[in-house]
Amino acid sequence: MIQVIDVHRSFGTQQVLRGVNLRVKKGEILVIIGRSGSGKTVMLRLLIGLVRPNRGQVLIEDTNIAQLSGRALDRVRERFGMLFQGGALFDSMSVFENVAFPLREKTALSEPEVEAQVQKMLESVGLGDMGYKFPAELSGGMKKRTALARALITSPSIVLFDEPTTGLDPILVHAIHQLIKDTHGAFGYTAVIVSHEIPEVFDIATRVAVIHEGQIIADGTPQVIRQSQDPFIQQFISGSLEGPVKPL
Amino acid sequence: MLGLLESIGRTAIEWLAGMGRMMTLLLTALFWVFVPPLRLRRVVRQIHFMGWRSLLVVVLTGAFTGMVLGLQGYYTLRKFGATAMLGPAVALSLIREIGPVLCALVVTGRAGSAMAAEIGIMRITDQIDALSVMALNPIKYLISPNIVAGVITLPLLAAIVNVVGIYGGYLVGVQLLGVGQGVYFGEMQDIVSFYDIKIGFLKSLSFGLIISWICCYKGFYTRFGAEGVSKATTEAVVLSSVWILICDYFLTSVL
């Protein structure tokens with residue numbers, strides 16, 4: 001469904017991605033893990049055309065998104081949903097309006113239909129009675145759930161999650177992971193998740209890709225990654241100070 | 001020496017790139033104004049924000065400016081025995097020059113800064129990227145309505161400043177200093193022409209465009225967190241104010 005072929009990307013003199021190759025199959029949950037600053041978020045932004053590669057291809061079902069712009073790019077993006085790290089909720093809108101926004105802007109649904117769909121979606125993320133609140137009045141977990149509801153409201157076939165659990169307590173981390181699992185089961189989307197939540201995120205992953213120094217160094221089932229003998233992967237998963245990476 | 005040349009070259013290239021980005025943003029935003037759907041609700045919201053919520057401060061500015069013009073004008077004209085010209089002096093100063101400029105500077109400080117800060121915060125919190133991800137053009141959604149609102153609002157506010165200022169001058173000149181009411185308004189009617197009003201209108205139209213363009217540009221290209229928003233807001237106000245004054249000079253000399 002998604003194919004990243006030999007993608008290079010740099011910002012100024014900093015080379016972030018150095019020939020990344022990755023394949024995401026339809027309906028799977030691919031989790032990308034890696035150190036801070038390793039290019040995970042850039043990878044996610046490449047997939048949706050927010051960042052363009054300096055070299056290489058990003059294919060979304062045979063369409064190279066890296067070469068698209070304007071309406072052609074918008075048509076591809078309409079199949080995506082994205083949950084941003086901070087939620088990216090519109091401050092001037094209530095929870096309800098945030099979730100209703102894509103429907104009101106991108107569909108021809110009548111207002112009663114929009115209201116019914118939004119209410120149903122809010123209930124599915126446990127925010128059925130919070131529609132009137134504004135983002136500034138929400139806790140971190142509520143913001144993430146609202147952002148998830150907004151990302152899913154148009155029934156996208158691909159959903160990108162940029163660190164969906166950062167800054168949440170362990171119980172909420174599990175709750176959000178469970179929510180992703182449940183909504184994935186219900187809506188059947190393809191998910192790409194960038195996360196630091198190790199090992200918890202392995203519970204929801206179909207496949208895990210490890211990015212290090214701008215390249216995918218391992219790609220396999222959670223089980224395969226856990227059992228990898230690569231010293232960097234071992235150190236990263238265990239969070240150990242001993243290993244090839246010197247943290248400070 | 002080479003380092004100095006490099007530094008000058010880099011600064012020049014950055015400046016040119018910035019000017020290019022700014023012009024591209026304006027042309028793109030103007031293009032989207034004419035492509036349906038028109039974001040009328042956002043335009044009205046921005047007119048309310050820029051216009052209605054600036055009204056009190058604009059009225060106060062107009063009133064006191066008119067009163068000062070009345071006072072200064074009266075004592076200056078009295079030296080030449082021409083106090084009958086007070087009405088036209090106040091009206092022409094306001095309509096051709098002070099009304100549009102003061103109004104634009106007040107709106108820049110009150111609404112332009114808020115516009116830059118709002119869009120800047122949207123940028124650093126990924127809200128603008130969220131619009132792109134939803135396949136909505138952020139320039140069409142955010143900037144074009146602001147430009148339309150600026151172009152509509154400024155002439156209206158300038159008209160209000162002019163009227164309030166003329167009555168401020170009347171209060172001082174006629175009620176306090178004894179210029180005849182008929183003389184004040186009669187001379188004004190004879191001397192102020194439609195052409196003067198047209199000049200003021202064109203100026204405020206241009207200032208409306210400058211404010212919304214520069215403030216949106218600064219907000220749209222905000223970087224580096226809260227400090228970036230603060231910098232963008234300050235730069236938006238300073239740059240808009242300077243451009244308003246520069247543009248005022250050139251419009252005055254051309255029109």
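The structure under discussion appears in the preceding block.
Note that the coordinates shown come from a computational prediction; the quantities given were computed from them, not determined experimentally.

Digging into the overall build of chain B
On a plain count of helices and strands, chain B comes out with nine helices and zero strands. Reading chain B from its N terminus to its C terminus gives the helix and strand order α-α-α-α-α-α-α-α-α. Seen through its C-alpha atoms, chain B measures out along the principal axes to roughly 65 × 55 × 30 Å. Considering chain B as a whole, with its 255 residues, one finds that 44% of them fall into the buried category.

A word on the overall build of chain A
If you tally the helices and strands in chain A, you get eight helices and 10 strands. Computed over its C-alpha atoms, the radius of gyration of chain A comes to 18 Å, within 12% of the 18 Å expected for a compact globule of 248 residues. If one aligns the C-alpha atoms of chain A with their principal axes, the spans along those axes are about 55 × 40 × 30 Å. Across the 248 residues that make up chain A, the buried fraction comes to 40%. Within chain A, contacts between residues separated by at least 24 positions form 63% of all contacts whose residues are at least 6 apart in sequence.

Examining the interface of chain B and chain A
Between chain B and chain A, the contact holds 10 residues from the first and 14 residues from the second. Grouping the amino acids of the side of chain B that touches chain A by side-chain chemistry returns five nonpolar, three polar and two charged.

Brief notes about the sheet that holds strand 6 (residues 80–83) of chain A
All names here are of chain A. Read across the sheet, six strands follow the order 6-7-8-3-9-10 without closing on themselves; strand pairing throughout is mixed. Lying at the two open borders of the sheet, with one neighbouring strand each, are strand 6 and strand 10 (215–220). Taken over all neighbouring pairs, the strand axes of this sheet differ in orientation by 15° on average, direction set aside. Where strand 6 meets strand 7 (residues 158–162), four bridges bridge the pair, whose relative direction is parallel. Among the inter-strand pairings, Gly81 is bridged to a residue of strand 7, identified as Val159. Most of the contacts of helix 5 (residues 140–152) go to strand 6, to which it runs at about 175°, and overall it touches strand 6 and strand 7.

Some details on the sheet that holds strand 4 (residues 55–60) of chain A
Residues and elements named next belong to chain A. Read from one edge to the other, the open sheet built from four strands follows the order 2-1-4-5, with strand pairing classed as antiparallel. Taken across any chain shown, the strands that pair with only one partner, and hence form the sheet edges, are strand 2 (14–24) and strand 5 (63–64). Pairing of strand 4 with strand 5, which is carried by two bridges, proceeds in the antiparallel orientation. Looking at the pairing, Ile60 lines up with Thr63 of strand 5.

Points about the packing of helix 3 (residues 95–106) of chain A against helix 5 of chain A
Residues and elements named next belong to chain A. Taken N-terminus to C-terminus, the directions of helix 3 and helix 5 make an angle of 25°; their axes are 7 Å apart at the nearest point. Between helix 3 and helix 5, the interaxial angle falls into the category roughly parallel. Of the two elements, helix 3 crosses helix 5, and the hand of that crossing is right-handed. Contact residues: Val95, Asn98, Val99, Phe101 and Pro102 in helix 3; Thr146, Ala149 and Arg150 in helix 5. Across the contact of helix 3 with helix 5, the residue classes break down as five nonpolar, two polar and one charged.

A few points about the packing of helix 8 (residues 194–220) of chain B against helix 9 (residues 225–254) of chain B
Any two packed helices are characterised by the angle at which their axes cross and by the distance between the axes. All names here are of chain B. In contact at an axis separation of 9 Å, helix 8 and helix 9 are set at 155° when each is read in the N-to-C sense. Relative to helix 9, the element helix 8 lies roughly antiparallel. As helix 8 packs across helix 9, the resulting crossing turns out to be right-handed. Touching Leu202, Lys203, Ser206, Phe207, Ile210, Ile211, Ile214, Cys215, Lys218 and Gly219 of helix 8 are Ala232, Glu235, Ala236, Leu239, Ser240, Trp243, Ile244, Cys247, Asp248 and Leu251, all from helix 9. Residue composition of the contact of helix 8 with helix 9, grouped by class: 13 nonpolar, three polar and four charged.

Description of helix 1 (residues 2–33) of chain B
An ideal rise of 1.5 Å per residue puts 46 Å on 32 residues; helix 1 of chain B measures up with 46 Å between its terminal C-alpha atoms. Sparse coverage of helix 1 of chain B is indicated by the burial of two of its 32 residues.

The rules we used
- Residues numbered from 1 in each chain as written.
- Chains lettered and ligands numbered in written order.
- Predicted model: local features only at pLDDT ≥ 70, side-chain atom pairs only at ≥ 80, totals over all residues.
- Helix = DSSP H or I, 4+ residues; strand = E, 2+ residues; numbered from the N terminus.
- Buried ≥ 20, exposed ≤ 12 C-beta atoms within 10 Å, placed from the backbone.
- Rg over C-alpha atoms; globule rule 2.2 N^0.38 Å.
- Contact = placed C-beta atoms within 7 Å.
- Nonpolar A, V, L, I, M, F, W, Y, C, P; charged D, E, K, R; others polar.
- Pairing = 2+ DSSP bridges.
- Axes fitted to C-alpha atoms, helices over the stretch in contact; angles between N-to-C directions.
- Parallel < 35°, antiparallel > 145°, perpendicular 65-115°, else oblique.
- Left-handed = near helix turned anticlockwise from the far one by under 90°.
- Expected span 1.5 Å × (residues − 1).

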